[in-house]
Amino acid sequence: MKKIITVVLVLAIVLGLCACGGSGESKAPEGLQIGYARADFMPEGGVNMSGSGNQANKISTGYLDILYATCIAITEGDNTVLLFSTDTLTAKANWTGEARRQISGATGVPQENIQIAGTHTHSGPAVGGSEPLVLEWMPIYMEALVTAATT
């Protein structure tokens, strides 16, 4: 289902970008490139769960679905934008700032052209906290974002 949603989003972006000009002509602007990639970021062992209520401060005991960092790259000329979604509740600023630095270093895309958002799942790993298991999981999350951006 997640792949279908991502494909629909890419299609919507492509159709929106192709609807240029008033002549009824529907073609992509010269030099426009769009790419898609994803990388999984499955932590080994338990992690702190995100969410609230009875989810707060729980440690995971397994998983049902693989977690992904998905990247859509849109390039026209020398300008590239990277749009990410991650299977997490949120995308906390203290993590996304570091992720943008790493992604920019690996790709050359300016940090201000990189957007990272969580899909808002209440049953995924916590992001941005300072608990030991969260901090242990952080490099896996960062590596998945860089991998999705460079694939």
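Structure's up top.
**Observations concerning the side chain of Ser60**
Phase 1: Structurally, Ser60 can be placed in the loop between strand S1 (32-40) and strand S2 (68-76).
Phase 2: Judged by relative accessible area, Ser60 falls into the buried class, the value being 16%.
Phase 3: Among residues more than four places away in sequence, those in contact with Ser60 are Gly45, Gly46, Val47 and Met49.

**Description of the nonpolar core**
Phase 1: Leu82, Phe84, Trp95, Ile103, Ile116, Tyr141 and Leu145 are the most contacted members of the largest nonpolar core, which totals 27 residues.
Phase 2: When residues of this core are traced back to their parent elements, those giving at least two are S2, strand S3 (79-86), helix H2 (93-107), strand S4 (114-118) and helix H3 (132-150).
Phase 3: The element best represented in this core is H3, accounting for ten residues.
Phase 4: Excluding residues within four positions of it along the chain, Ile103 makes contact with Leu82, Phe84, Gly108, Ile114, Ile116, Leu145, Val146 and Ala149.

Each value, and the rule that gives it
Residues numbered from 1 in each chain as written. Predicted model: local features only at pLDDT ≥ 70, side-chain atom pairs only at ≥ 80, totals over all residues. Heavy atoms only, no water. Helix = DSSP H or I, 4+ residues; strand = E, 2+ residues; numbered from the N terminus. Buried < 20%, exposed > 50% of the residue type's maximum accessible area, 1.4 Å probe, protein only. Contact = heavy atoms within 4.5 Å. Core = buried A, V, L, I, M, F, W, Y, C linked by side-chain atoms within 4.5 Å.

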